[in-house]
Amino acid sequence: MSNTTLPDWQNMNIIHRGRLASHCTLLPYGSAAGALSGQRGGSEFFRLLSGEWRFRYCETEALAPGGFERPDYDADAWDNITVPGCWQFFGYGVKNYLNTRYAFPVDPPTVPYETPAGCYLTEFTLPEQWEVTPRNDKKINLFFDGVCGAFHLWVNGHAAGFSQGSHLPSEFDVTPYLVSGKNRLAVKVYQWSYASYLEAQDMWRFNGIFRDVYLVARGETRVADLHTNTVFDGAYRNAVLNIKLRIDGKTDGRRAAVSLLDENGGTVFREEYPCAAEVNISREISSPLQWSAETPHLYSLVTELLADGGVIEAVKTNIGFRQVEIKNAMLLVNGKQVKLKGVNRHDTHPDLGYAVTLDAMIKDITLMKQHNINTVRTSHYPNDPRWLDLCDAYGLYVIDETDIETHGFNDVGYFGKISDDPAWEALYVDRAERMVERDKNHPSIIMWSLGNESGNGCNHRAMAAWIRSRDTSRPIHYEGAEEADYVDVFSRMYADVEFCRKVGERENDPRPFFQCEYAHAMGNGPGSLQDYQDLYDKYDRLIGGCVWEWADHAMRVTDENGTEYFKYGGDFGDWPHDGCFCVDGLCTPDRTPHTGLINYKKVIQPVRVYDSDCINGIVEIANKYDITDLARLQGYWSLLRDGETIQSGLLADLEVPPHGRVKARVPFDKTLPREGAEYLLNFSFRLKNDTLWAKSGHEVAYEQIALPTAAKKTAAPIAAMPPVSVLDREHKIAVEGDGFRAVFCKIAGTLESLAFHGAELLSKGPALNVWWAPTDNDQPGGDGFEKSWREAGLDRLRQYTRGTSLTETARNYAVVTVDAVLAAPSFLPAFRVKYTYTVYGSGDIVLKTDVTPGNVRYDRPLPNLPKLGLRMILKKGFDHMRWYGRGPHESYSDRNESALLGVYGGTVDAQFENHIRPQENGNKTDVRWLAETNLRGIGVFADGLSPLNVSARHYTDENLTAAAHTNELERIDEVVLNLDHLVSGVGSGSCGPKTLEQYRVNPADTCFTVRLRPFSGDA
């Protein structure tokens, strides 16, 4: 079939039909006051068409109803659908998650002719004042902010246009097709088209009209486009505001009034110019307030088109005085070095898919700002234009990325197949042009990105050349280019810490290094954020990175029992799919922060406190802001003894310049710290005043410093302890003392009972455990740790007793020794273990565990381990947990910066982080002691010779390992208590570096000691 006979959606030579030239986002109003209001509904020239439309889903495009676009077509039998919306959320087609692959055979530019399609109909009546006649030059334009995928449209039966580029705007002049009274708009959306080869992003594949549709009436003279930028003088004090104004329609005798207003509405200047096709204005502004992510000062530029003293139309554009440069391999904003502390963000919602509401966007940006994030990369397409307005107003740096990803070609062995094919150049450049023209006036945008994971080819070079011909005020980014000369930033994804260090140490390299994706936040993770941030802070040319990614992409559902949970790829009958790889965010789909986000906030916080001479109350406060001092924050301090606050107060006003450090005095009582206890200084830095994103008192940063005093453990004298009685029978050893009874089973080699004042504490006694429910970062089914763990049988280990004996007795204590091995069927013993229980008359049970690792085969040593410690199960009712260690949330060795030492408490259920795909969670690091109690105050106390890792939950590791979704979890009444000597870090190995070596648990001869004591009341 020749190109001339191909349908538009199969013909890559048809980029569009009837689509108007791209321009910045503009909305005309009838007055300057209306324009300044910014309310779309307040414009008499705006008519929103979003709402309930008629809809017919077609399994294949060829089955679309013939003639449905005609004004007389009867669609009463059609269904209703909400626009904006994705049709998969209304029961049509299949929700399908894919990471890199195409959902159809890779045969560019052809896609299956059997593509599904959605037919849309709506009717509207034009306002009387919008009357268009042959005697005037008024225009009525129809806008689609986002349609996935390619689409045709008809107005009153007339073919009015064709477009593609799902996340890019499409505008059409529909003036010739409109009539007085009722008008009918018909749209046919194709699930796949040739353009689908450019849209293989890692995301759910949804379809439909997912952003707003609206009409805009334009006068006989109209602003066609506006391009602004600001350039500072060498001292970054005064600036020139450059304005390029393009005007369409009648210009003779008409004038353009241009006004700049400050944040308070005061007029900075107002000037009038004769209307012309192009009006160029340069105006010097003295000492303007500067825009940055830390200081998002916005001015309003109002352009009024005037005739005979009246306003034809007025438009407003936000102006941020901001200049982006790269100098000496550093990223500068307004001449100041900036580090990017960012995230990648999709337009995604658990109930709406791509059709994200403004309220949801505000929730996103509020959470980002509250967690110290200063940068967002629009992965991997231009986000809803309202998101950029929010970034301007709230203060976020934006890497604006165009709607291109061809990752599926990598899966068939030719990553650059169409990226390096000149036949596709016009399509690539079209997408760059539409992004830049729409978004060019947003001060928040500090880089243009040429797309994502599309190989490296001549078409990227052509995109970069076009962008530079239009806008030289921002650097160009594209990770796939690596160090090619057409980009201004060297970018990588998921580079390990050592690679970053080597790049940071480079000399004579003019370009900064940026990790556009790192620290894959899938499941329980990411780890090593502090390791990366230390390097970003140390080396100028490492300008930071964006964590992948902001939110989990899972879809909210309710099962037959009314239990709400989230589904991922493959759960909707979709195939091919990529499973739970979409569940990789710092917060849940409904934006509840994961611990990973809490930890990221701490790692990138703008204030750090260092020990200068803290025993004498002298610390050093460092300002990690790039632009502002710390005057906006109030500092608080508190002194803790063994985790409990004993003193607190305010710090003096913080006068610390950006990137500066000052010494500060903490006025605590110097006579308090003494040997025998652990003393900690806590610091909290909170907003003094309300902001757009938080109220005064919001905690921005916090820190903890240990005072150099020795905490001593003193054991009670054995001679002073109550006596014990010991009963050694054929299969049991029983030791009784002051209100307690401990019974050991000789056959199982376990402490099978521990009773205190008649209350049984144990369902199962402590035993060596090295397994956890694999995390997403252990790469289930991949080449991560889980594979080697299962190959070694670690998931099937059982304890086999080699002997249990009463080895020592005395008046006040008894010693029971157990020799055992841990092994899986058909393997050699993985571990030999010796438990030595010393049971004292006080009820204290000191358990020393000696572990010797072995080989699972004669030719295969043990791999690194998830953990090494003891697991026990407490009886029902021991649901309250109190501990002195890091908290209140979970922590791991490579992700514990945000969890400060203190005394914390809560229910066992409250410690459980319910990941969408269940996995290991809830660990607490550096635990000095733990108490688990029931409602009567009876419980078990635990501590160790060295700090422990502790977790407690109502789910077994076996259930967590087997469950694929949260509604498959089987809660038990008993409490699974882990007292671990070592626990692995979590890493980000699901898509990035595995857990760094220093955070791994490697098998080695190990000895650790834990003390257990039943108690009532205070432990």
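Refer to the structure printed above.
A few points on the structure.

Quick notes on the rules
Residues numbered from 1 in each chain as written. Predicted model: local features only at pLDDT ≥ 70, side-chain atom pairs only at ≥ 80, totals over all residues. Heavy atoms only, no water. Helix = DSSP H or I, 4+ residues; strand = E, 2+ residues; numbered from the N terminus. Rg over C-alpha atoms; globule rule 2.2 N^0.38 Å. Buried < 20%, exposed > 50% of the residue type's maximum accessible area, 1.4 Å probe, protein only. Contact = heavy atoms within 4.5 Å. Areas by Shrake-Rupley, 256 points an atom, 1.4 Å probe, with all protein chains shown as cover. Lys, Arg positive; Asp, Glu negative; His and termini not counted. Charge placed at Lys NZ, Arg CZ, Asp CG, Glu CD. Salt bridge = Lys/Arg side-chain N within 4 Å of Asp/Glu carboxyl O. Core = buried A, V, L, I, M, F, W, Y, C linked by side-chain atoms within 4.5 Å. Axes fitted to C-alpha atoms, helices over the stretch in contact; angles between N-to-C directions. Parallel < 35°, antiparallel > 145°, perpendicular 65-115°, else oblique. Nonpolar A, V, L, I, M, F, W, Y, C, P; charged D, E, K, R; others polar. 1 Å grid on protein atoms, 1.4 Å probe; cavity = no way out; pocket = protein on both sides within 12 Å on 5 of 7 lines; lining within 4 Å. Points joined across faces, edges and corners; volume = space filled by probe spheres on them. Left-handed = near helix turned anticlockwise from the far one by under 90°. Pairing = 2+ DSSP bridges.

**Details of the overall build of the chain**
Consideration 1: Counting its secondary structure elements, the chain contains 11 helices and 60 strands.
Consideration 2: Computed over its C-alpha atoms, the radius of gyration of the chain comes to 33 Å, within 12% of the 31 Å expected for a compact globule of 1019 residues.
Consideration 3: Across its three principal directions, the C-alpha atoms of the chain cover 115 × 65 × 55 Å.
Consideration 4: Within the chain, buried positions represent 62% of all 1019 residues.
Consideration 5: Relative to all contacts within the chain whose residues are 6 or more apart in sequence, the contacts with residues 24 or more apart total 72%.
Consideration 6: For the chain, the computed accessible surface area is about 37,400 Å², with 47% contributed by carbon and sulfur atoms.
Consideration 7: Here the chain carries 106 positive and 136 negative side-chain charges, and the mean point of each set is 3 Å from the other.

**Some points on the pattern of salt bridges**
Consideration 1: In total, this model carries 70 salt bridges according to the counting rule given.
Consideration 2: With a closest N to O distance of 3.4 Å, Asp173 and Lys139 form a salt bridge. With Asp173 in strand S10 (residues 170–173) and Lys139 in strand S6 (residues 139–144), the pair connects residues that are 34 residues apart, well separated along the chain.
Consideration 3: We classify Lys139 as partly exposed; its relative accessible area is 25%.
Consideration 4: Residues joined in a network through salt bridges with shared partners are Arg211, Arg345, Asp347, Asp364 and Arg591.

**Comments concerning the nonpolar core**
Consideration 1: Counting residues in hydrophobic clusters, the biggest one holds 112 residues, and the most contacted among them are Trp387, Ile621, Phe683 and Phe685.
Consideration 2: Looking at which element gives the most residues to this core, the answer is helix H5 (residues 425–439), with six residues.
Consideration 3: Sequence-distant contacts of Phe683, defined by excluding residues within four places in its chain, comprise Val609, Val619, Tyr636, Trp637, Leu651, Val666, Ala701, Tyr702, Glu703 and Ile705.
Consideration 4: Counting 69 residues, the second-largest nonpolar core is a separate cluster that includes Leu797, Phe831, Val856 and Leu1012.

**Re the packing of helix H7 (residues 497–504) against helix H8 (residues 529–538)**
Consideration 1: Running from N to C, H7 and H8 cross one another at 0°; their axes reach a closest spacing of 10 Å. Taken together, H7 and H8 sit at an angle that is classed as roughly parallel. For the pair H7 and H8, contact is made by Val497, Cys500 and Arg501 and by Asp531, Tyr532 and Leu535, respectively.
Consideration 2: Of the residues contributing to the contact of H7 with H8, the split by class is four nonpolar, no polar and two charged.

**Digging into the environment of Glu69**
Consideration 1: Its location among the elements puts Glu69 in the loop between strand S2 (51–58) and strand S3 (79–83).
Consideration 2: Residue Glu69 is classed as buried on the basis of its relative accessible area of 19%.
Consideration 3: In the structure, Glu69 is positioned 50 residues away from Cys119 in sequence and 9.0 Å away in space, judged by C-alpha atoms.

**Topic: empty space enclosed by the protein**
Consideration 1: Inspection of the entire model under this criterion finds five cavities of 30 Å³ or more.
Consideration 2: Looking at the largest cavity, it is lined by 14 residues, and the ones nearest its centre are Thr228, Asn229, Arg322, Asn441 and Arg474.
Consideration 3: Within the lining of the largest cavity, the residues separate by chemical class into two nonpolar, eight polar and four charged.
Consideration 4: Grouping the amino acids of the lining of the second largest cavity by side-chain chemistry returns three nonpolar, four polar and one charged.

**Re the layout of surface pockets**
Consideration 1: Taken as a whole, the largest pocket holds about 1,200 Å³ of empty space.
Consideration 2: Thr25, Gly38, Pro385, Asp389 and His442 are the residues nearest the centre of the largest pocket, which is lined by 47 residues in total.
Consideration 3: Contributions of two or more residues to the lining of the largest pocket are made by helix H1 (32–37), S10, strand S21 (310–319), helix H2 (358–370) and helix H3 (385–394).
Consideration 4: Looking at the lining of the largest pocket element by element, the count peaks at seven residues for H3.
Consideration 5: Split by residue class, the lining of the largest pocket holds 23 nonpolar, 14 polar and 10 charged.

**Side note on the packing of H8 against helix H9 (residues 595–603)**
Consideration 1: Axis separation between H8 and H9 bottoms out at 10 Å; the angle between their running directions is 25°. The angle between H8 and H9 places the two elements in the roughly parallel class. Along this stretch, H8 crosses H9, giving a crossing that reads as right-handed. Here H8 contributes Leu529, Gln530 and Gln533 to the contact with H9, which in turn contributes Gly596, Asn599, Tyr600 and Val603.
Consideration 2: Residue classes in the contact of H8 with H9 are distributed as three nonpolar, four polar and no charged.

**Regarding the sheet that holds strand S14 (residues 213–218)**
Consideration 1: What the four strands build is an open sheet, ordered S1-S14-S6-S10; its pairing is antiparallel. Two strands bound the open sheet, and with one partner strand each, they are strand S1 (46–48) and S10. On average, adjacent strands in this sheet sit at an angle of 20° to one another, irrespective of strand direction.
Consideration 2: Pairing between S1 and S14: three bridges, direction antiparallel. From the neighbouring strand, Arg47 faces S14, where its bridge partner is Leu215.

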